[in-house]
Amino acid sequence: MKNNLKRKIVNILKYIFIVFFIPFILVQFLILSGGKDESDKQVDYIIILGGRVYGEKPSRSLNERIKTATEYLKEHKDIMVVASGGTGKGEEISEAEAIKRELVKNGIKETRIIKEDKSKSTMENLKFTLEKINENRVANNKNINEKVKVLIVTNGYHLYRSKKTAELFGYEAYGLPAKTPLISIPKSYLREFLSIIKFNFEKKYYFA
């Protein structure tokens, strides 16, 4: 009787390991491999993906994205930047507006900043940003049929999914990882695992 119970428990644990931990490990490998710094690539625009804003104040994670992008923009003065992100619950201004304000405070000229402030998800970030980029390309007499090369700035754990999403919309996408605050690491990587699983199901319907 006891041996049967032990076997059942062992079998249940094996099942949990197979259906959760193995996929979790594989996805974490993708996240880590996708989070490398590719800022040496030649690009047309950089995109800062939005993150949580408390009232009008960027969260720590979003601040890291802004700091990382600012350093890049100061070294690459001919590149324009898209600040991307709508207004979420508890946010008094859009994430795009919060990004723009911080960039200007950090010495980036307002004329270099394109604002996309409708998006509510990573998928929408990249979709609506492409629309803004194409508007800018038309205004500057550039061919919108050419594949646009972008450098996406977000926290390292978020880069793999962001680049894969961008590729679905036709971008040639590279990544520049911002630091993830230490306190946010466990929650962020677990949430990103679930988001990637969801993304792989969602994209089949979104792009059907």
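Further up the page is the structure itself.
Throughout what follows, the structure given in this document is the object of discussion. Just so it is clear, the structure is predicted and the values come from calculations on it, not from any experiment. (Residues numbered from 1 in each chain as written. Predicted model: local features only at pLDDT ≥ 70, side-chain atom pairs only at ≥ 80, totals over all residues. Heavy atoms only, no water.)

1. Let's talk about helix 5 (residues 156-168)
Then, number 1: Helix 5 sits mainly inside the fold: 10 of its 13 residues count as buried.
Then, number 2: Among the residues making up helix 5, those that are buried are G156, Y157, H158, L159, Y160, R161, S162, K163, T165 and A166.
Then, number 3: G170 lies just past helix 5 and shows a positive phi near 100°. (Buried < 20%, exposed > 50% of the residue type's maximum accessible area, 1.4 Å probe, protein only. Helix = DSSP H or I, 4+ residues; strand = E, 2+ residues; numbered from the N terminus.)

2. As for the layout of surface pockets
Then, number 1: Considered as a void within the structure, the largest pocket measures approximately 950 Å³ in volume.
Then, number 2: Lining the largest pocket are 36 residues; nearest its centre among them are G50, G51, R52, R65 and R191.
Then, number 3: Of all the secondary-structure elements, those providing two or more residues to the lining of the largest pocket are helix 2 (60-75), helix 4 (122-139), helix 5 and helix 6 (185-206).
Then, number 4: Per element, the largest residue contribution to the lining of the largest pocket is 8 residues, and it comes from helix 6.
Then, number 5: Split into classes, the residues belonging to the lining of the largest pocket amount to 6 nonpolar, 17 polar and 13 charged.
Then, number 6: Estimates place the volume of the second largest pocket at around 350 Å³. (1 Å grid on protein atoms, 1.4 Å probe; cavity = no way out; pocket = protein on both sides within 12 Å on 5 of 7 lines; lining within 4 Å. Points joined across faces, edges and corners; volume = space filled by probe spheres on them. Nonpolar A, V, L, I, M, F, W, Y, C, P; charged D, E, K, R; others polar.)

Read these as spatial facts, not as claims about activity.
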